[in-house]
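Working through the structure, step by step
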Amino acid sequence: MNRTPNGTSSQSVFLTSEDVKRARDRRHVRSHREGGRWWMVLWLLVGPGILVMLGENDGPSMISYAATGATYGIGFFLPFIALTFAMAFIVQEMTVRLGAVTKRGHAELIHERFGPFWGFFAMGDLVVGNLLTLVTEFIAIRAGLGFFGVPPALAVLGAFLLIVCIVSSQRYWTWERIVLSFAVFNVIFVPVAILAHPVSSAVVRSFFTWSPIAGGITTGFILLLMSNIGATVTPWMLFFQQSAVVDKGLTPIDIRHGRIDTALGAIIAAIAAIATVLATTPLFLHHVDASNFQGADFAKALIPYVGNIGATLFALGLFEAGIVAAITISLSSAYAFGEVTGHPHSMNSSIREAWPFYAILITAAGMAAVLVLIPNAPLVFITVIVNVIATLAMPPAIVFLLLLVNDREIMGEHANRGLSNFFGISVTVFLILAGIIFGISTVFPHLFASS
């Protein structure tokens, strides 16, 4: 307890390194905003939205898109992928408002508003789901580097050490900019798509006709449909972006920039995803059976159609997708753990201040790295199934999100309005219907033509 000059008592104020670093970042934003330099304000505030969208263009997602192009070519899935990213923007925009207004991460808000049981349930569900997903990220890293002859153990160990180095920055701004520099390479799939020489008229026509669907609606089609949804809209995204918004220090006045950040991420990620489908369409056109492909097999199979340069870029893209997602997904687990248990949970905290946070982050990545080295694992099948599981887990997550963003006690004027609720509920209903159709196709496969 300290004494003021007039003799009254006042509580001591303890400032952590997290407080100091975040205040420094806000000072930069305020100075540029007051100077009318909107482009600098945007540059300083972008990050969480782009990272969450490009992070979701992860290893299993890009392999899923590659399998889609090799199986169905140009047709239904091009506009469908664009639709899924529109859904992702609707969902993630709500997390921007939640984080900026409440200054609480997603798991922390669930814990506060719905009680400890649901807080720990949400955290546990996320951590388990993230571990499965992290395994697939190291699969993509292993596949991408495997194209260049890098042994699996060396590829996985090297990626793990890279993750450790990046998260050891103990500075959110530094961490964010390093990961963004990796994430922009997601567009590396665009030149591969150009080298594949897609028929532009067929691409344009597909967006108006949502066709063709080669072979009709089969159980295989439904599996890839679910996988493509899970490649775009997943629970970890809610936890990561809301916590990142808080860690970055965004406030209600920054919500507009947060929306722009998220929209930019969705557009860039959608372009990269569609490019991946177009890149592997030659395999479909030349009747190459990709059903048993491992990750690196796609790059090798593309050599006759996109050349060595295109195949090399494709393999590098798989590595990039895996490493960015491994960093962001493991961080979302650490955020959730810290938020629910009450431990410090910021990339602006020192390792001494927040050692449980950093321990969870590194342990999650380490466990996944070990699991991916299991011999003879069906790698592509695992990646597709993990995306399907993510799709099935999403509706309950969105229900929590909608309840929180409609809570006027915590959101005030930034609570959802009619149109936002319409779109949010529509996404939820769509995901539930997709899950029901998948369940029916699994229990009654005879209702659909054999894949």
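Scoring rules and cut-offs
Residues numbered from 1 in each chain as written. Predicted model: local features only at pLDDT ≥ 70, side-chain atom pairs only at ≥ 80, totals over all residues. Heavy atoms only, no water. Helix = DSSP H or I, 4+ residues; strand = E, 2+ residues; numbered from the N terminus. Contact = heavy atoms within 4.5 Å. Patch = residues over 30% accessible without salt bridge, like charges linked within 9 Å, V, L, I, M, F, W, Y side chains within 5 Å. Areas by Shrake-Rupley, 256 points an atom, 1.4 Å probe, with all protein chains shown as cover. Salt bridge = Lys/Arg side-chain N within 4 Å of Asp/Glu carboxyl O. Buried < 20%, exposed > 50% of the residue type's maximum accessible area, 1.4 Å probe, protein only. Phe/Tyr/Trp six-rings, centres within 6.5 Å; stacked < 30°, edge-to-face > 60°. Lys NZ or Arg CZ within 6 Å of the ring centre and 35° of its normal. Expected span 1.5 Å × (residues − 1). pLDDT = per-residue confidence, 0-100. Core = buried A, V, L, I, M, F, W, Y, C linked by side-chain atoms within 4.5 Å. Axes fitted to C-alpha atoms, helices over the stretch in contact; angles between N-to-C directions. Parallel < 35°, antiparallel > 145°, perpendicular 65-115°, else oblique. Left-handed = near helix turned anticlockwise from the far one by under 90°. Nonpolar A, V, L, I, M, F, W, Y, C, P; charged D, E, K, R; others polar.

**Remarks on the environment of Ala326**
For Ala326, the position within the fold is in helix H15 (residues 295-341). Expressed as a C-alpha distance, the spacing of Ala326 and Gly59, which sit 267 residues apart in the sequence, is 9.0 Å. Sequence-distant contacts of Ala326, defined by excluding residues within four places in its chain, comprise Leu134, Glu137 and Ile163.

**What about a nonpolar patch on the surface?**
A cluster of nonpolar side chains, namely Ile425, Val429, Ile432, Leu433, Ile436, Ile440, Val443, Phe444 and Leu447, defines an oily patch on the protein surface of about 800 Å² accessible area. Relative to the assigned elements, Phe444 resides in the segment after helix H19 (418-443). Given a relative accessible area of 41%, Phe444 falls into the partly exposed group.

**Some details on the packing of aromatic side chains**
For the coordinates displayed, the defined rule picks out 23 aromatic pairs. Taking 5.6 Å as the distance between ring centres and 80 degrees as the angle between the ring planes, the aromatic pair formed by Trp118 and Phe121 counts as edge-to-face. Placement of the pair is Trp118 and Phe121 together in helix H7 (residues 116-146), with a separation of three residues, close to one helical turn. Given the relative accessible area of 36%, Trp118 is considered partly exposed. Its relative accessible area of 44% is what places Phe121 among the partly exposed residues. With centroids separated by 6.2 Å and ring planes inclined at 50 degrees, the aromatic side chains of Trp175 and Phe240 adopt a geometry described as tilted. Within this pair, whereas Trp175 is found in helix H9 (residues 172-183), its partner Phe240 is found in helix H13 (residues 235-248), the two being separated by 65 residues in sequence. Side by side, Trp175 and Phe240 carry an identical accessibility label, which is buried. A network of ring pairs unites the aromatic residues Tyr72, Phe76, Phe77, Phe80, Trp210, Phe221 and Phe430 as a single cluster. Directly above the ring of Trp43 sits Arg177, whose terminal nitrogen or CZ lies 4.3 Å from the centroid.

**Overview of helix H12 (residues 219-230)**
With twelve residues, H12 ought to run about 16 Å at 1.5 Å a step, and its terminal C-alpha atoms sit 17 Å apart, in line with that. Counting buried positions over the twelve residues of H12 gives ten, a clear majority of the element. Of the positions making up H12, those classed as buried are Gly220, Phe221, Ile222, Leu224, Leu225, Met226, Ser227, Asn228, Ile229 and Gly230.

**Considering the confidence of the model for the protein chain**
Parts of the prediction with low pLDDT should not have their coordinates interpreted in detail. Taken over all residues, the pLDDT of the protein chain has a mean of 85, while the share at 70 or more is 92%. Of all secondary-structure elements in the protein chain, the lowest mean pLDDT belongs to strand S1 (residues 2-3), at 42, while helix H10 (residues 189-195) reaches the highest, 95. Contacts for the low-pLDDT stretch residues 1-12, under 50 throughout, to residues beyond four places or in other chains number eleven contacts.

**Thoughts on the nonpolar core**
Ranked by internal contacts, the top residues of the largest apolar core, which has 142 residues, are Phe138, Trp175, Phe240, Phe298, Phe314, Met347 and Phe357. When residues in this core are grouped by element, the largest group, 23 residues, is from H15. The contacts of Met347, once residues within four sequence positions are left out, are Val167, Ser169, Gln170, Arg171, Tyr172, Trp175, Asp247, Leu331, Tyr335, Phe357, Tyr358 and Leu361.

**Considering the packing of helix H2 (residues 38-45) against helix H14 (residues 255-285)**
It is the contact of H2 with H14, at a shortest axis distance of 10 Å, that shows an interaxial angle of 65 degrees. Classified by the angle their axes make, H2 and H14 are roughly perpendicular. Between H2 and H14 the crossing geometry is right-handed. Residues Val41, Leu42 and Leu45 of H2 pack against His257, Ile260 and Asp261 of H14. Residues belonging to the contact of H2 with H14 are distributed by class as follows: four nonpolar, one polar and one charged.

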